[in-house]
Structure formats: C-alpha cells, structure tokens
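# Chain and residue survey
The primary structure of each chain is shown beneath.
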Amino acid sequence: RLMRLPVLLALAVLSFPALASDRDDKGFGLIFGPGIMFGSFSSPDSDSAAPNSVSLSLEKPVNKNFAWRADYAFGIDGDDTEFEGLTYNVEVDRIFSGFMKLHFGSEWSQYYALVGFSKGEFSAHADFLPAYRYSDMSLSWGAGVGMKVDHKTLMSLEYISYMAGGDVDFAGFGLRFTQEF
C-alpha cells in the first residue's frame, strides 16, 4: 500500500504525452460497452475458482489517445472450489473499477492499456452454512486489442487484473462490444 503514491505519480507523468495530444472536436462523446469476463479467483484460504461475470463500462474520451473509463461487473456464473473438506461455490458479487485508458491504433483497430483501482466483493456458499464474504481493493491494470465492426462499434478482447496481492486475487479475460454515442 506504500507503493501507491509513487505508482500514481509515475502514471500521471506517463500520461502527459497522451493528454497533450491534439484534440479535434469530433468523436469525443460517451462510449458504452457491455462485456463478459471469464475470471480467475484465488485467496490464501481456498483453492482457485473461475467465476464469470458481466461487465458494463462507460468511457469518456479526452482526446484520440486518452480516456477515462468506469466499469461495473456482477456475477452470472459461480464456480466450485474446495476448502477444509467442503465444496464452496464462489461468485462475483460486484466489482467497481476506475481506469485511465491509453489507446493507439488506426481508425479501424485499437490497442490499449488500462491502469486504475478496483474494489471487489465476492461470496462463497456451501450447503447449510452461512456465506463467506471476501472484499478487497487494489491497483488494477489491463491490456486489450479491438477491431471496429462498423463506424461506431468496436469489438475487443481484453485481460484485466482487478485485484492482486491482498486478500483476493481476481483477473479475467473478456470480450466486450463498445458503442460510441
């Protein structure tokens, strides 16, 4: 947690070239993007699990190379894991994320990097026992590649490490469709 300030300062300095990029006034509305994440969950007191979630993103481009992005994810399919001889079903309750998005490419393709913070809540259920709850907040990062399917719709594949090194590790590969407004 002590490393957060130097990391944030380094990110701010690295983002200056993207922020200073010339801005033309077209194509900087909002971008909405539903997606599905195929996750990987682990914690120090259980085996790994692979819960899946739906992710909704809202993005505000600042210029042609930089955007702010907010994500909200919720679970749609849990996965079973073993802990102390019992089988638990692990689910994503919710994940809130805020990212800086640096993106480069052509008019029809895009490569991007995400850096930000996430707060996640997960639950593990076993028969006849109260649910065990996990909650964590962490520095998050990701990368993706996208291709336009029409003038305002982008299909992208991405990897995001939402949480690592704390009570919970959670990352996932995702498929996302975004629509410019």
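Please refer to the structure placed before this passage.
Residues numbered from 1 in each chain as written. Predicted model: local features only at pLDDT ≥ 70, side-chain atom pairs only at ≥ 80, totals over all residues. Heavy atoms only, no water.

Counted according to the given criterion, the structure contains 10 aromatic pairs. When the centroid spacing of 5.2 Å and the interplanar angle of 50 degrees are considered together, the rings of Phe-41 and Phe-122 count as tilted. Of the two residues, Phe-41 is situated in strand β1 (residues 31–43) and Phe-122 in strand β7 (residues 109–125); the sequence distance between them amounts to 81 residues. Seen in terms of ring centroids, Tyr-72 and Phe-96 are 5.0 Å apart; in terms of plane orientation they differ by 40 degrees. Their pairing is tilted. Here Tyr-72 is found in strand β4 (residues 66–77), whereas its partner Phe-96 is found in strand β6 (residues 86–105), with 24 residues between them in sequence. Residue classification places Tyr-72 among the partly exposed positions, given a relative accessible area of 30%. Given a relative accessible area of 45%, Phe-96 falls into the partly exposed group. Taken together, the ring pairs connect Phe-41, Phe-122, Tyr-132, Tyr-134, Tyr-162 and Phe-170 into an aromatic cluster. The side chain of Lys-101 reaches across the aromatic face of Tyr-112, ending 4.4 Å from its centre. (Phe/Tyr/Trp six-rings, centres within 6.5 Å; stacked < 30°, edge-to-face > 60°. Helix = DSSP H or I, 4+ residues; strand = E, 2+ residues; numbered from the N terminus. Buried < 20%, exposed > 50% of the residue type's maximum accessible area, 1.4 Å probe, protein only. Lys NZ or Arg CZ within 6 Å of the ring centre and 35° of its normal.)

This paragraph deals with the pairing of β4. Sheet topology note: the strand β3 (residues 52–63)/β4 ladder contains 11 bridges and is antiparallel. Of the residues in β4, the one forming a bridge with Val-54 is Phe-74. Between β3 and β4, which pair antiparallel one after the other, the connecting turn spans 2 residues. In the sheet, β4 pairs with β6 via 8 bridges, with the strands oriented antiparallel. Across the sheet, Ala-73 pairs through a bridge with Ile-95, a residue of β6. (Pairing = 2+ DSSP bridges.)

We now examine the side chain of Lys-101. Inspection of the secondary structure assignment puts Lys-101 in strand β6. Taking relative accessible area as the criterion, Lys-101 reaches 4% and is therefore assigned buried. A distance of 3.2 Å separates a polar atom in the side chain of Lys-101 from a polar atom in the side chain of Glu-59. A polar contact is formed between the side chain of Lys-101 and the side chain of Gln-110, at a distance of 3.2 Å. Setting aside anything within four residues of it in sequence, one finds Lys-101 in contact with Glu-59, Asn-65, Phe-66, Ala-67, Gln-110, Tyr-112, Ala-113 and Leu-114. (Polar contact = N/O pair within 3.5 Å; in protein donor to acceptor, adjacent residues only side chain to side chain. Contact = heavy atoms within 4.5 Å.)

To continue, consider the pattern of salt bridges. This structure, assessed with the given rule, holds 8 salt bridges. Salt-bridge contacts for Arg-69 lead to Asp-71; the nearest nitrogen and oxygen are separated by 2.8 Å. Judged by relative accessible area, Asp-71 falls into the buried class, the value being 4%. Put simply, Arg-69 and Glu-158 hold a salt bridge, and the shortest N to O gap is 3.1 Å. Taken together, the residues Arg-69 in strand β4 and Glu-158 in strand β9 (residues 153–163) connect sequence positions 89 residues apart. Connected through shared salt-bridge partners, Arg-69, Asp-71, Glu-158 and Arg-176 make up one network. (Salt bridge = Lys/Arg side-chain N within 4 Å of Asp/Glu carboxyl O.)

Here we come to the environment of Ala-70. For Ala-70, the position within the fold is in strand β4. Residue Ala-70 is classed as partly exposed on the basis of its relative accessible area of 41%. Separated by 38 residues in the primary sequence, Ala-70 and Phe-32 have C-alpha atoms spaced 9.9 Å apart. If sequence neighbours within four positions are ignored, Ala-70 has contacts with Leu-56, Ser-57, Leu-58 and Ser-97.

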